[in-house]
Amino acid sequence: MDTPSRLILPAAPSLVTAHGRAALLDPDGELRHLTVAEARAALRDLPPPLVVHEAATLQRLDLSIPVLDLLDLFAFVMPAVTAAPTPSGLARALDFDPPATIEAAAALLPDIAIALLGRLDQSASLPMNRRAAGLAALMGEAGWPWAKPVAAALGQPAARPDRAALRLGMILPEWQEEAPRPPPSSYPVPQDAARGRLADLLGGGAEQRPAQSDYASAATAAFAPPAAEGVPHCVLAEAGTGTGKTLGYLAPASLWAERNQGSVWISTYTRHLQRQIEQESTRLEPDPARRRRRVVLRKGRENYLCLLNFEDAAAGARGYNLVALGLIARWALASSDHDIAGGDLPGWFAELFGSGLLPQIADRRGECIHSACPHWKRCTIEHVIRRARGADLVIANHALVMAQAVWGGLDDSSVPTRYVFDEGHHLFDAADSAFAAELSGASMAELRRWLLGAEGGRSRARGLARRLEDLVAADERLAAPLDALRAAARVLPGATMLARLGEPTAALDQIGPGAAEAFLTALAAQARARATAAERESNLDIEADLYPAEPELAAAASDLARDLARLEAPLTSLRERLAARLDEEAGTIDSTERQRIEAAIRSLKRRALDPVASWRRMLAAVNEAPPEPGERPFHVLFIRQGRDIALLSHLLDPTEAFADAVASRAHGLLITSATLRDRTTAMDDVEQDAEWQRAESRTGATHLAAPAIRAAFASPFDYPAQTRIFIVRDNLRETPEALASAFRALFLASGGGALGLFTAIARLRAVHARIAPALDAANIPLFAQHVDAMNNATLVDSFRAEQNACLLGTDAMRDGVDIPGNALRLVVFERTPWPRPDILHRVRRTHLSHGDPKTYDDAIVRLRLRQGFGRLIRRAGDRGVFVLLDRAFPSRLESAFPTGVTVSRQGLAETVAAVREFFAADRASA
């Protein structure tokens, strides 16, 4: 590629690594294929090389050297644009043909660098690049190797460092307050109108899907006006993969919002699906400006950039922290919503600069000072909250909806009346997380930090007194409870104690002298006393029953409860004093000050009073009489010891709390998923009714005042023609070598495009180490959770970018991978995914199984198998194979798979041959 004279590319080699080998393009143009040892030796005599993803590249060489990471340059040049962090990912983002080998990738890296610098050259006059050269120079002072090439490309090779480029609070636009939206009316959505809206969204040339239209029609029942108080309309709609449920519910939801001038909240379980739903909304409103008003993606505050925290971090930043903040500043100018967790900030950013940076510059739960913040009018978080109040559709997640339920509204009293819960099979887990409680060293230390702020070290955390200093200045009566609170908060353990928790167990008796430390020591002693020798010797967490509690633990619980009561008193006084001021000055206090006080009252309740009250209830339970064997509990309390020590409390049935706090207070809700019910095979009426009842139990619908409306829509895919299922009957559990040989043979037979799912991290790592060389020799990239220096989202993006790659993962990959097409064509389960036999599962299995624990376990396994199998076929033209490497797999679980697909039980050799033959036609046509 010809390089324009204005562009300066450092004289650097290019390096691409694979498992056990590397491709190195010397500065003089010689391309070498090297072993790991040869690459390490060669790089000692060369300048820093061009690479893609420094951490992953150098991890494969077990090397630590300076590099020029093209991801750094990409993040500067193309902020708020996501790309897979591989040579192929960057190639696609820049409209290059993706390289087919690591040698081709190494040869392409200089062209990628020149293309990126060329984009800066062409866009130097754009407003967002006004301070770009000065920012690059500032980053150059901190050691950023791309500073000079970037400044030259911008036409300012002599630019001076410009710290003003980091002052986002002065650069970003302000939001404007708007009048609150009136309450919505209650007009229903006619079924024919929903079908018509769906047809409009699909367009004239769309594939006809009768089931999708029927689904949209059935969903309208969730938008009917309520007939009685506390009796919402609940629709349970199971829609097989390929039905098109997203547009199916967007049609009636958007109609209801327009007809009634109200908001519908669409909640899902994963960040990925939130973004996917947002992308589908472009059909609803193609104009970006209008869509921004009508559709808002909403997450919890801790997912967003906080300008005040960013300002604090930038003030003292040096070295590569300053480089990272410079790239964040570039991203902030281009981002649509400043979502740093699953938004348009690339997921690999934290992998380049460490996982600790983003939490420091995000909003921290309960720490926002709202109108007292100098950046409040430019705060994206506040803007998103206000946009959501007036939006037709708010795309949220189950965690945020549950938090609203726990706290009675987030940031304001705006609580929706209409919900769509996509991925409804996860409602049980989401409610379980939201309504659980934890009394641990970490949770107590976090509350201490929230109350007292930084206590030494380099932390910039503000304590409560500093956050409320403007309110204290206006009301001196707040000073006394604040002083009392500072003294009482010191009963909580601090960061020093947390460090000691990670020390050998022999030192637990020296954690500290306070009541909290004594309680944690007693928890750990009881857990270890009741563990088996194997559990104590392993590196895994230890779980133990709370009951019957040892006398030392009961006494320590009483002491800690007294200390927490002394902490609760000034917290209550402070909150009451703030509430009294609102009452006393009702006629004179301005709206900004009122909002500030209301926010402080909410924060005190959520971050301090509620946790302390919950902890006191748990401590009181320690001294209660233990439940009788077989007695149905309301809460399940148990101990967990790992890097931290915790007393945990879970509701036996969290969907009951969900139904009470969320569903029964709504007017209508649609709960939908491809896997609401347990079985997919043909069932008679009695069996179908039993499966619907179990679905109602898992989603909380059984706890509502009126029965749910049931609807089911079969997948349009021809699974018998498009898929194959094999259960390998060879015994592959005897050795890691046998298991690895199976994965290697299957992955090679499919030519890649494979997802391997494991129930244990140790087995995943063992298989990865053994199959990586063979796959690499076949030019099949291999990515692995818990092995590669990448987070889950980055691994999936990289897997998707490399058409013939393979990915190894655990549970998170089973539910989180959505890759249509040929990039995912083989799913291999390492063994039957039985539920983990922990204490919580034991209790729920006993009391929620309706007298049949085996059925309870089987239902969980079938759901996991259905989710795994569902990764294969995402479009009508997809083809795929599902393999389970477990000869002990019970035939009764085969009902997890679609009707008509033959489940073949055969040896590994026959399975490998069948996989190769199944995909042979695809390779021939390609």
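Everything numeric in this text was worked out from a predicted model, so none of it was measured.

Per the secondary structure count, the protein includes 39 helices and 23 strands. Taken against the 2.2 N^0.38 rule, which gives 29 Å for 926 residues, the C-alpha radius of gyration of the protein at 29 Å falls within 12% of a compact globule. In the protein, which comprises 926 residues, the proportion classed as buried is 55%. Across the protein, the fraction of contacts at a sequence separation of at least 24, relative to all contacts at a separation of at least 6, is 76%. Here the protein has roughly 38000 Å² of accessible surface; of this, 51% comes from carbon and sulfur atoms. Put simply, the protein has 105 plus and 113 minus side-chain charges, and the middle of one group is 2 Å from the middle of the other.

Joining two cysteines, a disulfide is a covalent bond between their sulfur atoms. Taken as a whole, this structure holds zero disulfides when the rule is applied. Considering cysteine sulfurs only, Cys 306 is the nearest to Cys 373, which forms no disulfide, with 6.1 Å between them. For Cys 373, a relative accessible area of 15% gives the class buried.

On to the packing of helix H6 (residues 132–141) against helix H15 (residues 319–334). With their axes 9 Å apart at the nearest point, H6 and H15 run at an angle of 165 degrees to one another. Regarding the angle of H6 to H15, the classification is roughly antiparallel. Handedness of the crossing formed by H6 with H15: left-handed. Contacts from Ala 132, Leu 135, Leu 138 and Met 139 in H6 reach Leu 322, Val 323, Gly 326, Leu 327, Ala 329 and Arg 330 in H15. Across the contact of H6 with H15, the residue classes break down as eight nonpolar, one polar and one charged.

Pairing is parallel across the open sheet formed by seven strands, whose spatial order is E8-E9-E7-E10-E15-E6-E16. Both edges of this open sheet fall to strand E8 (295–297) and strand E16 (709–713), since each of them pairs with a single strand only. Going across the sheet, the axis of each strand differs from the next one's by a mean of 15 degrees, ignoring polarity. Packing of helix H18 (residues 380–390) onto the sheet brings it into contact with E8 and strand E9 (393–397), and relative to E8 it is tilted by some 140 degrees.

Attention now moves to the environment of Ile 839. With respect to the helices and strands, the residue Ile 839 is situated in helix H37 (residues 839–847). Assessed through its relative accessible area of 9%, Ile 839 is described here as buried. Taking the C-alpha atoms as reference, Ile 839 lies 38 Å from Tyr 249; in sequence the two are 590 residues apart. Those residues in contact with Ile 839 that sit more than four places away from it in its chain are Glu 543, Ala 544, Asp 545 and Phe 638.

The step from Tyr 547 to Pro 548 runs through a cis peptide bond, and the omega angle for that step is -10 degrees. Within the secondary structure, Pro 548 sits in the loop between strand E12 (542–545) and helix H28 (551–584). For Ala 80, which is not a glycine, the phi torsion comes out positive at approximately 65 degrees. Among the residues examined, Ala 80 registers a relative accessible area of 21% and is labelled partly exposed.

Here the focus is a nonpolar patch on the surface. A grouping of Met 170, Ile 171 and Leu 333 is seen on the molecular surface, where their side chains present a nonpolar patch of about 280 Å² in accessible area. For Ile 171, the location among the structural elements is in helix H8 (residues 168–171).

A few words now on the environment of Arg 291. Within the element layout of this structure, Arg 291 appears in helix H13 (residues 288–294). Separated by 100 residues in the primary sequence, Arg 291 and Ala 391 have C-alpha atoms spaced 9.3 Å apart. Aside from chain neighbours lying at most four places away, what touches Arg 291 is Ser 281, Thr 282, Glu 285 and Pro 286. Separated by 3.0 Å, the side chain of Arg 291 and the backbone oxygen of Pro 286 make a polar contact.

The buried fraction of strand E6 (residues 233–239) is high, at six of seven residues. In this sheet, strand E15 (residues 668–673) lies alongside E6 in parallel orientation, the contact comprising six bridges. Across the sheet, residue Ala 237 finds its bridge partner in E15, namely Thr 672. Here E6 runs beside E16; their pairing, made up of five bridges, is parallel. When the sheet's bridge partners are listed, Glu 238 is paired in E16 with Ala 712.

Time to look at the pairing of strand E21 (residues 826–829). The alternating pattern of E21 places Leu 826 and Val 828 and Val 827 and Phe 829 on opposite faces, both of which are buried. Of the pairings in the sheet, the one linking E21 to strand E22 (residues 880–884) comprises four bridges and is parallel in character. Its bridge partner being in E22, Leu 826 is matched across the sheet by Val 881.

What follows deals with the sheet that holds strand E11 (residues 437–440). Judged by pairing direction, the sheet is antiparallel, and its four strands sit side by side in the order E11-E14-E13-E12 without closing on themselves. The sheet terminates laterally at E11 and E12, the two strands that pair on one side only. The sheet shows a mean angle of 25 degrees between the axes of neighbouring strands, taken without regard to direction. Note that strand E13 (residues 635–641) and strand E14 (residues 645–651) share seven bridges and pair antiparallel. Directly across from Val 636, in E14, lies its bridge partner His 650. Along the sheet face, helix H26 (residues 515–530) touches E11, E12, E13 and E14 and points at about 95 degrees away from the line of E12.

One way to put it is that helix H10 (residues 210–219) packs onto helix H11 (residues 245–260) with a least axis distance of 8 Å and a crossing angle of 40 degrees. Considering the angle they form, H10 stands oblique to H11. Of the two elements, H10 crosses H11, and the hand of that crossing is right-handed. The segment H10 lies against H11, with Gln 212, Tyr 215, Ala 216 and Ala 219 engaging Lys 245, Leu 247, Gly 248, Tyr 249 and Pro 252.

With that out of the way, let us pick up the nonpolar core. In this structure, Leu 70, Phe 76, Trp 144, Val 150, Leu 305 and Phe 310 are the most contacted members of the largest nonpolar core, which totals 75 residues. A per-element tally of this core places helix H5 (residues 102–122) first, with twelve residues. Not counting the four nearest positions on each side in its chain, Leu 305 is found in contact with Leu 168, Phe 310, Ile 328, Trp 331, Ala 332, His 338, Ile 340, Ile 361, Ala 362 and Ile 381. Counting 58 residues, the second largest nonpolar core, distinct from the first, contains Ala 524, Ala 556, Leu 560 and Ile 639.

Conventions and cut-offs
- Residues numbered from 1 in each chain as written.
- Predicted model: local features only at pLDDT ≥ 70, side-chain atom pairs only at ≥ 80, totals over all residues.
- Heavy atoms only, no water.
- Helix = DSSP H or I, 4+ residues; strand = E, 2+ residues; numbered from the N terminus.
- Rg over C-alpha atoms; globule rule 2.2 N^0.38 Å.
- Buried < 20%, exposed > 50% of the residue type's maximum accessible area, 1.4 Å probe, protein only.
- Contact = heavy atoms within 4.5 Å.
- Areas by Shrake-Rupley, 256 points an atom, 1.4 Å probe, with all protein chains shown as cover.
- Lys, Arg positive; Asp, Glu negative; His and termini not counted.
- Charge placed at Lys NZ, Arg CZ, Asp CG, Glu CD.
- Disulfide = S-S within 2.5 Å.
- Axes fitted to C-alpha atoms, helices over the stretch in contact; angles between N-to-C directions.
- Parallel < 35°, antiparallel > 145°, perpendicular 65-115°, else oblique.
- Left-handed = near helix turned anticlockwise from the far one by under 90°.
- Nonpolar A, V, L, I, M, F, W, Y, C, P; charged D, E, K, R; others polar.
- Pairing = 2+ DSSP bridges.
- Patch = residues over 30% accessible without salt bridge, like charges linked within 9 Å, V, L, I, M, F, W, Y side chains within 5 Å.
- Salt bridge = Lys/Arg side-chain N within 4 Å of Asp/Glu carboxyl O.
- Polar contact = N/O pair within 3.5 Å; in protein donor to acceptor, adjacent residues only side chain to side chain.
- Core = buried A, V, L, I, M, F, W, Y, C linked by side-chain atoms within 4.5 Å.

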